[in-house]
Every structure is written in structure tokens, then in C-alpha cells.
Amino acid sequence: MYNKVTRVSAVQLSAAEVAKHLLKLPNWKYDGKKITREFVLKDFETTWAFLSQVAMRSHLYGHHPTIQTTYNKVRLDLSTHDIQGVSEIDLKLAKKVEGYAAGREKVEGRESNK
Ligand SMILES: C[C@H](O)[C@H](O)[C@H]1CNC2=NC(N)=NC(=O)C2=N1
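The rules we used
Starting from 1, residues in each chain are numbered consecutively following that chain's sequence as written. Confidence filtering applies because this is a predicted model: local features only for residues at pLDDT of at least 70, side-chain atom pairs given and counted only at 80 or more, and all residues used for totals across whole chains, interfaces and linings. Computation of side-chain values covers all heavy atoms of the structure but excludes hydrogens and water. By the criteria applied, helices consist of DSSP H or I runs no shorter than four residues and strands consist of E runs no shorter than two, each listed in order from the N terminus. When accessible area is computed with a 1.4 Å probe and restricted to protein chains, residues below 20% of their type maximum are described as buried, those above 50% as exposed, and intermediate ones as partly exposed. In this analysis, two residues are considered to be in contact whenever any of their non-hydrogen atoms come within 4.5 Å of each other. In this analysis an axis means a line fitted to C-alpha atoms, helices contributing only their contacting stretch, and an angle means the value between N-to-C directions, from 0 to 180 degrees. Any angle that falls under 35 degrees is termed roughly parallel, while one over 145 is termed roughly antiparallel, one within 65 to 115 roughly perpendicular, and all others oblique. Crossings are sorted by hand: turned counterclockwise from the far helix by less than a right angle, the near helix makes the crossing left-handed, and turned clockwise it makes it right-handed. Residue polarity follows a fixed list, in which Ala, Val, Leu, Ile, Met, Phe, Trp, Tyr, Cys and Pro are nonpolar, Asp, Glu, Lys and Arg are charged, and the others, Gly among them, are polar.

### Section: the side chain of threonine 36
Phase 1: Among the structural elements, threonine 36 can be located in strand E2 (residues 35-40).
Phase 2: A relative accessible area of 12% places threonine 36 in the buried class.
Phase 3: With sequence-adjacent residues up to four places away left out, threonine 36 is seen in contact with Asn27, Trp28, Lys29, Arg75, Leu76 and Asp77.

### Comments concerning the packing of helix H2 (residues 44-61) against helix H3 (residues 88-101)
Phase 1: For the pair H2 and H3, interaxial distance at closest approach is 10 Å and the crossing angle is 155 degrees. Overall, the two elements H2 and H3 adopt an arrangement that is roughly antiparallel. When you trace H2 past H3, the crossing you get is right-handed. Contacts between H2 and H3 involve Phe50, Gln53, Val54, Arg57, Ser58 and Tyr61 on the former and, on the latter, Ile89, Lys92, Leu93, Lys96, Val97, Tyr100 and Ala101.
Phase 2: Residue composition of the contact of H2 with H3, by class: eight nonpolar, two polar and three charged.

As C-alpha cells, then:
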């Protein structure tokens with residue numbers, strides 16, 4: 001696989017710029033250095049279907065989240081290492097990831113708590 005994203009130097013976004021992007025990504029939190037989102041998926045298989053898509057897309061973009069996972073839970077942290085902050089590519093990947101999570105998240109009260 002190869003990186004289709006144009007290789008340009010990352011530019012750190014201001015806190016205001018990140019906040020504006022996150023209006024469309026309300027489940028993502030920003031701590032000044034990275035954006036983070038926690039997911040609770042329907043079950044283990046769904047979690048790994050989701051993670052496989054995240055992994056492939058990350059590889060395609062050449063930009064990889066820090067991933068923590070336990071059974072049906074996932075935490076993704078995204079930042080741009082060169083600038084030790086958040087740049088456009090982090091938001092671009094976060095938006096893609098939202099699409100992969102759609103329909104896979106556990107709906108409270110409807111799925112068993114395995
Ligand atoms: C050399 C390599 O392209 C870099 O280390 C890439 C790899 N994946 C990365 N992933 C993330 N999340 N941030 C980066 O800055 C980053 N840099």
C-alpha cells in the first residue's frame with residue numbers, strides 16, 4: 001500500500017481551529033497536544049472489523065493513531081509527531097474513522113454487556 005496523501009510539512013492547528021473542526025466530531029476531545037476518542041463497539045468481532053479499517057486507512061495515509069483496545073472498547077489518540085500537536089491530517093483521519101464506527105457502536109440497552 002502507498003500513501004496517497006500529498007506529502008507536505010504538517011502545520012500545527014491553533015486551539016480555535018481544532019475546536020472548529022471538532023464541532024463536526026463531537027465525540028473527539030482535544031487536550032492541546034492530541035485528539036482522542038473512545039469507542040464502545042457492539043462486540044469483539046465488530047471491534048476488530050472496525051480496527052482493521054482504521055489500520056488500513058492509517059497505513060494508506062501514512063499516519064497512525066495510538067490504539068488501545070480491550071474486547072469491545074477502543075481508544076484512539078491522534079497527533080502529528082513532527083509538530084507535537086494536531087494538524088489537518090489528524091482531523092482528516094478522525095473523519096474517516098467516524099465512518100468506520102457508524103453502525104458498529106454499542107447501543108445502550110440493546111446489546112449484551114459482554
Ligand atoms: C516516518 C513516518 O512517516 C512518520 O513517523 C509518520 C508515521 N505515522 C504517524 N502517525 C501519526 N499519528 N503521527 C505522525 O506524525 C506519524 N508520522
